[in-house]
Structure formats: structure tokens, C-alpha cells
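# Descriptive structure summary
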Amino acid sequence: MIGLISATVAGAAARDRLAAAWPDRTRVYEGPVGEAVRTAFAECGQLVCFLATGAVVRLLAPLLGDKSADPGVVCVDEGGRFAVSLVGGHGGGANELARRVGEVLGAEPVVTTATDAAGLPGLDTLGLPCEGAVATVSRALLDGEAVALEAEVPWPLPPLPTAPHGSYTVRLTDRAVEPGEREVLLRPPSLVVGVGASKGAPAEEVLGLIEAALREAGLSPRSVAELATVDAKSAEPGLVAAAERLGVPLVGHSAGELAAVEVPNPSDAPLAAVGTPSVAEAAALVRGGELLVPKRKSRRADGQPARATCAVVRRPGRGRLAVVGLGPGARDLLTPRATAELRRASVLVGLDQYVDQIRDLLRPGTRVLESGLGAEEERARTAVAEARRGHAVALIGSGDAGVYAMASPALAEASDDIDVVGVPGVTAALAAGAILGAPLGHDHVSISLSDLHTPWEVIERRVRAAAEADIVVTFYNPRSRGRDWQLPKALAILAEHREPATPVGVVRNASRPDGSSRVTTLAGLDPATVDMMTVVTVGNTATRTVAGRMVTPRGYRWQEAAPVSGSAAGREGTR
């Protein structure tokens with residue numbers, strides 16, 4: 001819960017805007033400010049104070065204890081201009097909260113944490129438990145000292161400016177080791193503990209077995225991702241309580257799934273009881289991995305038969321491929337999600353000219369793999385291969401990466417051994433449509449006129465179908481130096497079904513500083529004025545030109561009183 005505190009009418013107005021935006025996540029604290037801050041500090045995970053920073057500092061000073069446990073605090077000035085991350089930037093999430101508050105209120109987030117200011121991810125913000133000299137190693141990264149990354153387990157980390165060797169170390173490990181004086185240990189959730197239990201097995205026996213198995217194998221409990229068992233045991237109180245104490249989920253699998261897993265130590269007892277010859281080993285191995293601790297049974301002080309079994313598997317981190325659409329080129333049309341993925345990726349793959357557009361957004365340490373025009377399939381294979389090596393990869397394309405761009409070849413190459421995330425972008429058709437007016441107000445289609453990958457016979461058939469169906473058409477890749485006859489041919493096909501005065505929009509470099517646009521007609525368009533940086537939008541029989549803008553009605557009655565021009569002037573649109 002986020003506590004909201006204000007002292008003045010202006011502060012209360014901004015406070016109420018935030019409360020309205022986040023009704024289920026915020027609580028307003030009324031009354032004297034000092035008492036409100038003390039109460040909210042004790043009850044909430046985060047605070048937003050609509051007060052001067054100096055006043056909040058004085059109120060918070062006697063309340064602060066441990067930065068790993070204190071709530072994150074953000075201050076917003078009464079004018080709503082700045083959202084200042086004051087306390088708990090990383091541990092309390094105040095840095096991210098300041099950014100989100102800024103988005104809601106239109107305020108500028110102010111983050112002074114050293115790593116954030118330098119564009120580096122904080123070692124304690126990577127989503128992994130960390131131990132050791134976090135401040136010391138973070139300072140070394142900031143100062144440009146040589147910091148080595150030792151990844152004992154493949155994991156899709158964000159970029160870090162590390163070196164092959166150094167006096168400081170970031171070690172990614174699930175082993176039970178102590179950090180050195182200049183070392184940070186990152187604990188990946190790489191261990192799966194398969195568990196089985198007799199009815200009524202106590203949590204203490206289950207936990208004791210798990211802890212002993214990890215300790216004797218030299219593995220860290222902080223890297224346990226889940227406990228896994230058979231569905232028939234997923235509600236067993238001892239297993240449920242053990243998972244809760246470890247702070248991990250208890251995941252159940254069907255007996256059929258587990259029976260299909262090859263294990264080194266099958267047994268007739270679980271087969272008779274729950275329908276699978278293995279519970280602990282099979283549940284740990286069902287999603288793959290390396291068996292580190294074969295099945296072992298608990299030991300009871302009274303000498304009675306064991307009531308719990310466990311096995312431990314190391315499941316390597318899955319690589320991550322984000323296919324990111326950069327939009328049509330303007331920075332303000334690059335989505336926040338796309339920006340976040342660019343900053344998360346440790347490897348960036350893309351066309352050189354697109355890389356140049358967003359190079360300033362990349363974090364230090366990002367490895368950039370760029371290539372020129374015509375290497376689309378090579379880039380797709382490279383991106384997938386890097387993800388399979390366990391990296392966090394961003395594969396970029398202009399517009400939307402799924403529209404005539406990199407998503408299709410990449411996903412055709414990728415299998416289910418990596419995680420794939422699609423990040424949509426503003427397409428050239430949408431950017432051009434917004435500039436032209438509203439040409440895409442009803443059914444519309446995009447067709448690429450490039451026959452490098454698609455036979456012209458197929459393209460022509462699609463253009464003819466769109467023409468006959470009276471659909472608005474946006475042409476991508478309309479004309480190049482070596483391919484100058486396709487656009488005239490496509491326009492001729494459309495002309496068989498549409499009037500010469502049908503509005504046509506021509507937009508070059510939509511949204512970019514050197515962009516241009518014009519509205520002409522089907523008969524008036526000179527194909528020689530079009531190039532590969534242009535999209536051409538041809539209206540349907542209902543499209544009109546209104547005040548110089550293309551408008552396609554979306555099924556409402558077109559008013560005769562509206563000023564119209566074009567082939568359908570004076571006619572009521574019924575589409």
C-alpha cells in the first residue's frame with residue numbers, strides 16, 4: 001500500500017489525482033502531518049508526501065532504521081512539477097515510484113541514486129538476492145574500475161560494464177559460498193526441489209530434509225525457485241508450510257507427467273500410492289535440468305520410517321529474446337515498454353541505422369551486434385543464438401517489429417527453449433495515417449510492393465482483392481531505383497475499381513524532422529515522386545478530403561452539410 005500525505009489545498013489536489021489514478025493501491029492519511037507520516041511509515045510499503053523535502057526529512061529522521069526494510073518515500077512539490085525519490089531508492093522502490101508518479105501527475109522524476117544517474121542498474125535491483133560488498137562493487141563500477149563477472153549459471157542479466165578480469169567481482173552462483181571482501185554474490189533462482197511426503201508429514205521434517213540436502217550438496221537456499229510435487233500431494237499441509245517458510249511456490253504436476261520422466265531411482269511405493277514411480281526426482285526433473293541431489297529420505301530421531309523425500313535439480317536460466325518495435329523514428333513515438341526492454345537487454349541486435357537511433361538509450365555494458373541492409377535472416381539467427389546462450393537479447397526493427405520486420409524471421413528460428421517477448425511499436429501506416437487525417441477509419445490493409453521475398457503474382461492478387469473489396473490500402477516499399485514499375489501497376493489495378501479523384505496520401509519519413517506529406521488523387525499521383533522511405537495510402541470509394549485531410553467514415557452516416565471534396569462529394573457515405 002502507498003500512503004499519501006499532504007498539508008495544503010494545492011497538495012491535496014495533487015494527492016487526490018494520484019489517489020483517483022491508483023484507487024486500489026493508495027491510502028490517504030488525514031490529520032496533522034507529523035502524525036500522518038508516522039502512521040503511514042509504520043503501515044505502508046511506500047509513501048508519497050506532497051510536502052517540501054526539508055519538512056519530510058525532519059519528519060522521517062527519527063523513523064529511519066534499516067534501508068533494506070524502510071519504506072520508499074517520494075516527495076512531490078505543491079506545484080506538481082517534481083517527484084523526488086527521497087528515501088529507499090532501490091530497496092524501497094522509491095526510484096521507480098517517482099517515475100510512475102511523474103507519469104500520472106506530469107511531474108519530472110528526480111532520482112539521485114548514483115547508479116541510476118550513471119545509467120547503471122543497481123546490483124540490488126536486478127531481481128536476484130544479493131550478498132556481499134554491494135556498495136563497494138557498485139562504486140567500482142561507477143568509477144570505471146575493472147569488475148569481473150563470473151557467471152557459474154547462465155542467466156539473462158541486464159547489461160553490466162564488466163571485464164574478463166578485475167580486482168572486484170560480481171559472481172552469479174547458486175553455491176553456498178561466502179562473498180569475498182570485494183565481491184557481490186547474485187543468487188539466481190536456479191534450484192528446483194522435488195518433494196514427496198506421507199500423509200501428515202510435519203513441515204519440520206520436510207524442511208529439515210531440504211536444508212540438509214542443500215547444505216551437504218553445497219547449495220544456497222536463496223537460489224531455490226520452487227518446491228515441486230505430484231498433484232495429489234500439492235495440498236499436503238507439511239509441504240505447503242515448508243514452501244511458505246522458504247518463501248517459494250509449491251508447484252504440482254500430474255501423475256501422468258511425472259510417470260513419463262526418466263529417473264535414476266524409481267520405486268513401486270509411490271506408483272501404488274499416487275500413480276507414478278517417482279515423485280521427488282520426477283517433479284524436480286519434469287521441466288528439465290541437471291540432477292544435483294538424487295532422491296533422499298528424511299531421518300527421524302525415533303527411528304520410525306521416513307515420511308518425506310526430496311531431490312534437487314539445477315534448472316539453467318532461459319534466455320530472453322525481446323523483439324522490439326522502435327516506431328517510425330520520432331523519439332516521442334518510442335513506447336516506454338520499448339525503452340525499458342532496450343535498457344534491460346545485455347545484447348542488442350539490429351540494423352546499423354536503427355541502432356544509431358537508440359544508441360543513447362542503452363546502458364553501459366550493452367553488447368551491440370549491428371549489420372547492414374539485406375542481412376535480416378542473419379540478424380534473426382544471431383539474436384536467437386545469443387538468447388540460447390542465456391542472454392537477455394533485444395532484436396530491434398522500425399515501426400512494429402511484427403510488421404514487415406524482424407519478428408517473423410526471428411520467431412521462425414526460435415524454439416521453445418527461450419522466452420520470447422513482443423514489444424509493439426507505432427507502424428509507418430499508423431504514423432502516416434495520423435498525419436494525413438483519418439484515412440484508416442474503416443477496414444484497411446497494408447501491402448508491401450517489394451517482390452524480393454514475395455512473387456509479384458502473389459502481390460498482384462492481393463492488390464486486386466483489396467481493390468475489389470473496396471478496402472483502404474497502404475503500400476509499403478512502394479518504389480526503389482531498381483524496382484520502379486510495381487507502384488504504377490498497383491495503382492492501375494485500384495483505378496479499375498475507384499474513381500480518378502479518389503484521395504491518396506503520400507507521407508515520407510513519417511514523424512521525423514525531414515518528413516513530408518501531401519494529399520493528392522489516384523489520377524494525380526506521380527509514382528516518380530515516391531521512394532522506399534514513403535508510404536502511400538489510397539482511400540476507398542467513401543474516403544473524402546475534408547479541409548485538406550483524408551477522412552474515411554467508419555460506418556456512420558456522412559452528413560451532407562459537411563464541407564467535402566473528392567470523388568464522392570455531396571454523397572452520403574453509408575460505410
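### What about the nonpolar core?
Counting 22 residues, the largest nonpolar core has Val193, Val195, Ile210, Leu214, Val224, Leu227 and Val312 as the members making the most contacts within it. The element contributing the most residues to this core is helix α7 (residues 203–217), with six residues. Residue contacts for Val312: discarding those within four places in its chain leaves Leu191, Val192, Val193, Leu214, Leu219, Glu290, Leu291, Leu292 and Val293. Core analysis: the next-biggest nonpolar cluster, separate from the first, contains 21 residues, Ile447, Leu491, Val506 and Val538 among them.

### A short note on the sheet that holds strand β21 (residues 437–438)
Strand-to-strand pairing in sheets goes through backbone hydrogen bonds, with the strands running parallel or antiparallel. Ordered in space as β21-β28-β27, the three strands form an open sheet in which the pairing is mixed. Single-partner strands in this sheet number two, and they are β21 and β27 (544–546). Where β27 lies against strand β28 (residues 549–551), three bridges are found, and the strand directions are antiparallel. Within the sheet, the bridge partner assigned to Thr545 lies in β28 and is Met550.

### A look at unusual backbone geometry
Phi is positive for Asn477, close to 45 degrees, though the residue is something other than glycine. With respect to the element layout, Asn477 can be found in the loop between β23 (472–476) and α18 (486–495). Of note, the phi angle at Ala547 is positive, near 55 degrees, even though the residue is not glycine. The topology assignment puts Ala547 in the loop between β27 and β28.

### Comments concerning the packing of aromatic side chains
Overall, the coordinates contain two aromatic pairs when judged by the stated rule. Aromatic side chains Tyr404 and Tyr476 sit 4.8 Å apart centroid to centroid with 55 degrees between the ring planes, which places their arrangement in the tilted category. Linking Tyr404 in the loop between β19 (392–397) and α15 (407–413) with Tyr476 in strand β23, this pair joins segments that are 72 residues apart in sequence. Judged by centre distance (5.0 Å) and plane angle (70 degrees), the rings of Trp456 and Trp485 are edge-to-face. Of this pair, Trp456 sits in helix α17 (residues 456–468) while Trp485 is found in the loop between β23 and α18, placing the two residues 29 residues apart along the sequence.

### Considering the confidence of the model for the protein
Here the protein averages 90 in pLDDT, and 95% of its residues register 70 or above. Within the protein, the lowest mean pLDDT, 65, falls on helix α5 (residues 114–117), and the highest, 97, falls on β23.

### A look at the pairing of strand β17 (residues 347–351)
Across the five residues of β17, five count as buried, placing the element largely inside the fold. As paired elements, β17 and strand β18 (residues 367–371) share five bridges and run parallel to each other. Within β18, the residue paired with Val349 across the bridge is Leu369. Between the parallel elements β17 and β18, the chain passes through helix α13 (residues 352–358) in a crossover that is right-handed. Inspection of the sheet shows β17 paired to β19 by three bridges, in the parallel sense. By the bridge assignment for β19, Val347 is matched with Val393.

The rules behind these values
- Residues numbered from 1 in each chain as written.
- Predicted model: local features only at pLDDT ≥ 70, side-chain atom pairs only at ≥ 80, totals over all residues.
- Heavy atoms only, no water.
- Core = buried A, V, L, I, M, F, W, Y, C linked by side-chain atoms within 4.5 Å.
- Buried < 20%, exposed > 50% of the residue type's maximum accessible area, 1.4 Å probe, protein only.
- Helix = DSSP H or I, 4+ residues; strand = E, 2+ residues; numbered from the N terminus.
- Contact = heavy atoms within 4.5 Å.
- Pairing = 2+ DSSP bridges.
- Phe/Tyr/Trp six-rings, centres within 6.5 Å; stacked < 30°, edge-to-face > 60°.
- pLDDT = per-residue confidence, 0-100.
- Right-handed = clockwise from strand over helix to strand, strands pointing away.

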